Amino acid sequence: MSEVDALVVSFIANVNVNDERSNDIAIKLTDLIQNKKIKLLQIIVALKDRFVSEDERERIKALKCLSCVLCNIEPQLLLKNDISVLINFYMSKITDKPLMLECLMGLDALMTMKYITIDQTITVMLFLQKDYVSKDFLAAVRNYPFSILQNIFDRWETLLNNKDKDNSNKNLIILFIQTYITIASGEKDPRNLLISFQLNKLITTNFKSESIQFAQALFDILFSYFPITFKPPKDDPYKISNADLKLALRSAISASDIFAEDAFSNLIDKLGATSPAIKNDTLLTLLTCINKFGGKACIEFWLQMWNALKFEIMHSGDGSEATYLDPIAQNDDKIEQNGSSVSNIQSNYQLSLDVLRALANQLIALDEIAFNKYVNHILEELKPNFEFTKDLRQSCSIMAAIGSANLVAFNKVIDLTLPLFLENTTEISKLKLMLLNLSFFLDSYIKVTKSFNGNETELNEFIKLNHLNDSKDEILMILGMALTGNSKIEVTVRTLSVIQFTKMIKMEGYLTKEEISLIIQYITETILTDNNKNIYCACLEGLKVISQTHESLVYDVSLKELLNLLPNGFNDLILHHKEDEIIQIEVILRVILDFTTSRHILIKESIVTLTQKLVEIYSNGNNAAIDYCFLLLSTIYSLFENNYSILDEISIGDIKNQTESSIFTILTNNNDNNSILFDNQNLSLLSNILYFRNVKYQKNQHELELTRYTKIFVEDHKILETPNRLVIPYVKILSAIDKSCTFSDASDIMEKTVTLIHNNKTNDMSNLEKIGYMELITVITNKWFNDELENTIIEKYVNWEDQSTINLEMIAWIGKGLITKNSPCSNIILSHFLSLLNDENIGLIVSKLFELFVMDINSMAKHKGITWTNNVKLLYKQKFFNDVFQSLVTSYNEPNLSLDIKCNYLTALSLILKHTPNKLVEQFMNDLLPMLLQALEMPNSEVRISALDTLKDTTEKFGLLITENIDTLLPILLKLVVPGSKYNDVSVRLMSLQLIGLLADSVPLNYLKPYKEQVINGLLLTLSDKKRIVRKQCIDTRQLYFELGQVPFE
Amino acid sequence: MSEYLNDNPDVLEVDELPSRKEDNNEHLFENFGSQEALQRKKLLLKIDHSPTSQVLHNIELLDKLLLLNSTPDLISDNENLLTESDSDLNDESIIGVGNESISEEYLTEPADPVDIQEIYDLTAHICDPEHPLTLGQLSIVNLPDIEVHDDGNPEHLAQVIIRITPTITHCSLATLIGLGIRVRLERALPPRFRITILLKKGTHNSEQQVNKQLNDKERVAAACENEQLLGVVSKMLQTCK
């Protein structure tokens, strides 16, 4: 058997069994032909007997083989003669109905061939038009005629589009269109529809003149599907979505204005639909059609459309007054076109307006008289609304939408509409309405300017020529009056005024610099003196929006003013402003914090000025000063914390230069009245500020800075010789420095620090200082003792003989430095600590130290985008937990342990759990749960809290496990909720109650029902808890149990 | 008489109901910590409302570290051991049921008394049986119409009087609403509280009868035996928060 025969046989065997394999074989056969190894004829000869076989399946398989080969063949390979023979061959087979799929497949392939003639193409089209009955075949078969037409179009595009068409050409096109109409009628498979819509669009856009006579038929093919809905089946092989079909249909309907008449009248009919989704589709299609068909087509239909849309707009529930009072919603450009049905309904309102706008646009482009007629008609209908203040919102949106088309429309609308409502009034309700109405026209201005897409000349022309300019002064005056002339109770009017002010600033080119300054002043004044939440938000949003475009102006007019307001002295944190207005310092700081977000200049200036302020006040040791310093420091710190990612090296450099001397003045003043140095919280905050200031400083300067600061702190202030509070800022600076800097003094500092700590009794070290030195050890261990040096640390500084608390504590801090970088040496410390838990004397102290290992402290924190500060590994907690947990469990379960020792293990475990994400713990749940249950009974409220926290999470995720232990858990919990016991502090009681509540949801009813009465009675005592928050939770939890197993009503 | 009518009441938005303002951030202060830190946290909330702010976190951290290191509690250690050994003998003792073992901390802790706002919060969110609105929104329950007589002593009896305003004078559901409020309060208040529910004077045609029915122990008890009625009440209580 020849190679061809072998392949053919193998193909036939695989067809419909293993399509992938058969396709491979077809490709192999094709390759043989392409490489001139065999001729196509040889394949046909090999298949010859099967072509005429009695068995239908044999014939199908044979033909499929040939068609598959053709599909893979390159277009230029087959010569005229070959094609002619093949076409004739296929045309002879095509009457054999079962073979239709394979025939069409082959023909489809042939249509792409380079040497096919137009006559042969016509033959095929004629067949499709006359003898092919699409409804006799399955969707897969029906796909090929579409594909054939598509291929014909691609192959003959130049000929078909030939400008000087002669008759034959025209006939050809007509045949093409007729063929399309025949095969497309009655189609309903989504994949075929998609290609049908595309073909329809090709026809109407390319052969416009010929298709006019078929316009009705072509349109019907499309519109019979409108509005199309299709839900893809689960295993949809073609991945066609409803949106694909919708878009294809929409673009086909709007493809050519030969459909204008049909499309408009039909779409207007469909606008009456009740389903919002259908309406939405209709509106979108209408919008596309208007934009595509142009003004001429619209003249005849705008009146009908208006009448239909009017209803939609006037009766829509969208945009109640509330949304117009929401400053945030004002700034989002809404319109979400997909999504929930709610947003669909909303966008229908917006879409209707968009349609009106599009109409205006097209009519103006056509001629102005037509447009005037359009506007005047609508305005006449709406005028009564203005008179009787009815449906004003809708009326104004309509006019504003039309106005947002372009300059001409805008001016026309402004001229006609503004006089209808713009007048100053002292009547609050009228003023409110007017402000609401005005809002739409300001939006309209913004919309027009946006539509220029940055075209400067058009924009400038608009800015110069728009008629809203004429009313600018009046509007500013009215808004100003509304804001300042009314009492503070008129929240709505004042909020609206601020919102409109903000909007005016967003209107490009509308206001002069002076006017903007004035507005900023208004808003700043308002935000400081008004404590209504709505107004505050509106003002804040306003300042933020203005900062986006006029940052330096905001700095000059607003921020400077705010900073100046902060007093240098202070009485009781309250400031008198103007005659009777009172401004609290907290308010000023909050405003600064809130509106400077992500604005370089504003942040920088705030930080610098606030720091300078600190210098003015820090040396006045009374309590008010301490609080004031605390507020300032918190603000500076939050400014850094919230914005460090956007502050670049230059800004940081500036900040550093301008604040360095101030900060050191504060730090080095040893006067007892120093409100910062001698207040723990304040000193800690200032140190953290130092961290941020250095961490993003130019990287190449870090080493110099390291040396410089070490000199200042270690040599000048001798912080390593006697205990000194300055160790706190020094640690934070060290933790900010790039870890790759060489730090030759590291060992020396380590040595001295350890000595200092060991002498803490003699040298009278304060608690804060101790923490500082301990952190110093951790930071240095983590950053500058790497690899072999890690061993040195253990050998030199870890002394297990000395069991004093301070020594153990220090070892724990060293351990922390090692554990966070997953150092192998950390195991030495860990295992020793684990064994110490078993010690009757120091076990308890050791157990508490376990918390240190996993506690997140600032100097070891990872900040987003900052990788160079320390060697804290991402998954160190996971590793730590894995390492420790098993040993803890094993030791805990050893026989003959005294309760004290067991308690130590539980304490250590709970404290670790407190700082370990619950996700990491899940896999150990089975071993953990019994320990947690015992931890609940430990005489230590923190241990209890930690256990409860983990249990709460467990209950949500491992309902089954909890269910098994419900008989132990519930009684314990009921003891924990009792008020008055020493270790049941508020949090324990509260969390126990929450947990009991959670049980009601996650434990199956039949397990829980027996406890119903017990819980309800058990909680009785807690109803008289002293703390309201506990009582509240108790009531809620109790209610859950009252309802347990109750037959639901209805 | 018409001035008492609650006909077509102005429906209040949920956030317009009277509420206890200062409670919003209470959860921040539950945690352990020194008085100093607590004070600072309160100060901080005036400039930054977010309970997740880093500064706040910082304060807690420093506080925690200070406490952690300050006393490896030598004194309380003993105490710990003591109570533990107690617990060996008698499991109940650490849990402290009964007055003897009430800890000093708890006794000195400042108490939040049961006040009219608390009663209002308990009842205002009950759903009206006819509307999808709450009693507070419909002004059926009003803050000024609640009385609490409680001296805070757990040994003494206390009394709550609540006067409700039906939406119409012939409201047939006044008894049901009253029952709902009673069930809610009886479940929520300790047994030493005596609850009296009355119709506000002149707001109902058959005021006397309804009042009598609402405060008749036997009738209330009987009503609560009725599964179906209890279902309705439960549905009313679903919106409570």
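One numbering rule holds for all chains: residues counted from 1, following each sequence as written. By the order in which they are written, chains take letters starting at A while ligands take numbers starting at 1. Where local features are concerned, this predicted model is filtered to residues with pLDDT of at least 70; where side-chain atom pairs are given and counted, the filter is 80 or more; whole-chain, interface and lining totals use all residues.

### Notes on the overall build of chain B
Working step 1: What chain B contains, in helices and strands, is ten helices and three strands.
Working step 2: For chain B, the succession of helices and strands along the chain, N to C, is α-α-α-α-α-α-β-β-α-β-α-α-α.
Working step 3: Backbone-placed C-beta atoms define the burial measure: a residue is buried with 20 or more other C-beta atoms within 10 Å of its own, exposed with 12 or fewer, and partly exposed in between. For chain B, buried positions account for 27% of its 241 residues.
Working step 4: A pair of residues counts as a contact when their C-beta atoms, built from backbone coordinates, are within 7 Å of each other. Counting contacts in chain B only where the partners sit at least 6 residues apart, residues at least 24 apart contribute 65% of the total. Secondary structure is summarised from DSSP: a helix means a run of H or I of at least four residues, a strand means a run of E of at least two, and numbering begins at the N terminus for each.

### Quick word on the overall build of chain A
Working step 1: When helices and strands are tallied, chain A shows 55 helices and two strands.
Working step 2: For chain A, the C-alpha radius of gyration of 41 Å lies well beyond 31 Å, the compact-globule estimate for 1050 residues.
Working step 3: The 1050 residues of chain A split such that 46% are buried.
Working step 4: The contacts of chain A with a sequence gap of at least 6 include a subset with a gap of at least 24, amounting to 75%. C-alpha atoms define the radius of gyration in this analysis, and the globule rule sets the expected value at 2.2 Å times the number of residues to the power 0.38.

### Quick look at the nonpolar core
Residue and element names in this part refer to chain A.
Working step 1: What makes a nonpolar core is a set of buried Ala, Val, Leu, Ile, Met, Phe, Trp, Tyr and Cys residues, with links drawn between C-beta atoms within 7 Å. Val355, Leu359, Ala360, Ile402 and Cys629 are the most contacted members of the largest nonpolar core, which totals 350 residues.
Working step 2: Of the residues forming this core, the biggest block, twelve residues, is contributed by helix H33 (residues 623–643).
Working step 3: Leaving out residues up to four positions away in the same chain, Val355 has contacts with Leu283, Leu286, Leu287, Ile290, Met305 and Leu309.

### Remarks on the packing of helix H3 (residues 40–51) of chain A against helix H4 (residues 56–72) of chain A
Residue and element names in this part refer to chain A.
Working step 1: H4 packs onto H3 with a crossing angle of 160° between their chain directions and a minimal axis gap of 8 Å. Accordingly, the angle class assigned to the pair H3 and H4 is roughly antiparallel. Like other packed secondary-structure pairs, H3 and H4 cross with a definite hand, here left-handed. Contacts from Ile43, Ile44, Leu47, Arg50 and Phe51 of H3 reach H4 at Glu58, Arg59, Lys61, Ala62, Cys65, Leu66 and Val69. Between N-to-C directions, angles cover 0 to 180 degrees, with each direction set by a line fitted to C-alpha atoms, over the stretch in contact for helices. What sets the label is the angle itself: under 35 degrees gives roughly parallel, over 145 gives roughly antiparallel, 65 to 115 gives roughly perpendicular, and the rest give oblique. By definition, any crossing whose near helix is turned counterclockwise from its far helix by less than a right angle is left-handed, and any crossing with a clockwise turn is right-handed.

### Structural notes on the domain arrangement of chain A
Working step 1: These domain limits were set by an automatic method or by a database of domain assignments. Segmenting chain A into domains produces domain 1 (724–916) and domain 2 (951–1050).
Working step 2: If you average the C-alpha positions of domain 1 of chain A and of domain 2 of chain A, the two centres end up 38 Å apart.

### Let's talk about the environment of Ile126 of chain B
Residues and elements named next belong to chain B.
Working step 1: Positionally, Ile126 belongs in the loop between helix H6 (116–124) and strand E1 (141–149).
Working step 2: Once the C-alpha coordinates of Ile126 and Pro166 are considered, the two residues, 40 residues apart in sequence, prove to be 14 Å apart.
Working step 3: In this structure, Ile126 is in contact with Thr134, Leu135, Gly180, Ile181, Arg184, Met236, Leu237, Thr239 and Cys240, ignoring residues within four places of it in sequence.

### A word on the environment of Cys289 of chain A
All names here are of chain A.
Working step 1: Here Cys289 shows up in helix H15 (residues 276–293).
Working step 2: When the C-alpha positions of Cys289 and Val355 are compared, they lie 9.9 Å apart, and in sequence the two are 66 residues distant.
Working step 3: Setting aside anything within four residues of it in sequence, one finds Cys289 in contact with Ile253, Ser254, Ala263, Phe264 and Leu267.

### Let's talk about the confidence of the model for chain A
Working step 1: Each residue carries a pLDDT score, the predictor's confidence in it, ranging from 0 to 100. In the predicted model, chain A carries a mean pLDDT of 84, and 95% of its residues have values of at least 70.
Working step 2: Every residue in residues 319–346 of chain A is under pLDDT 50, and counting partners more than four places away or in other chains gives 32 contacts.

### Observations concerning the environment of Lys783 of chain A
Residues and elements named next belong to chain A.
Working step 1: Take Lys783: it is sitting in helix H40 (residues 767–784).
Working step 2: Between the C-alpha atoms of Lys783 and Met477, which are 306 residues apart in sequence, the distance is 63 Å.
Working step 3: Here Lys783 is in contact with Lys739, Asn870 and Asn871, once residues within four sequence places are set aside.

### Describing the sheet that holds strand E3 (residues 193–199) of chain B
Residue and element names in this part refer to chain B.
Working step 1: Overall, mixed pairing links the three strands, which are arranged E1-E2-E3 in an open sheet. Edge positions in the open sheet fall to E1 and E3, since each of these has one partner strand only. Strand after strand, the sheet turns through a mean of 20° between neighbouring axes, direction not considered.
Working step 2: In this analysis, strands are considered paired if DSSP registers two or more bridges between them. Of the strand pairs in this sheet, strand E2 (residues 158–164) and E3 are connected by seven bridges, and their pairing is parallel. By the bridge assignment, Ile162 is partnered in E3 with Ile197.
Working step 3: Its contacts with the sheet put helix H7 (residues 174–188) on E2 and E3, and the angle it makes with E3 is roughly 165°.

### Quick word on helix H45 (residues 876–892) of chain A
Residues and elements named next belong to chain A.
Working step 1: The length a helix should cover is 1.5 Å for every residue beyond the first. Given a rise of 1.5 Å per residue, 17 residues ought to cover 24 Å, and the 24 Å separating the end C-alpha atoms of H45 matches this to within 8%.
Working step 2: Every buried residue of H45 is accounted for by Lys877, Phe880, Phe881, Val884, Phe885, Leu888 and Tyr892.
Working step 3: Of the surrounding secondary structure, the elements contacted by the buried residues of H45 are helix H42 (805–819), helix H43 (826–836), helix H44 (843–854), helix H46 (899–914), helix H47 (918–921) and helix H48 (925–935).

### Focus on the pairing of E3 of chain B
Working step 1: Here E3 of chain B shows a clear split, with Phe193, Ile195, Ile197 and Leu199 of chain B buried on one side and none of Arg194, Thr196 and Leu198 of chain B buried on the other.
Working step 2: Remark: the E2 of chain B/H7 of chain B/E3 of chain B crossover connection has right-handed handedness. Seen with its strands pointing away from the viewer, a crossover is right-handed if its path from the first strand over the helix to the second goes clockwise.

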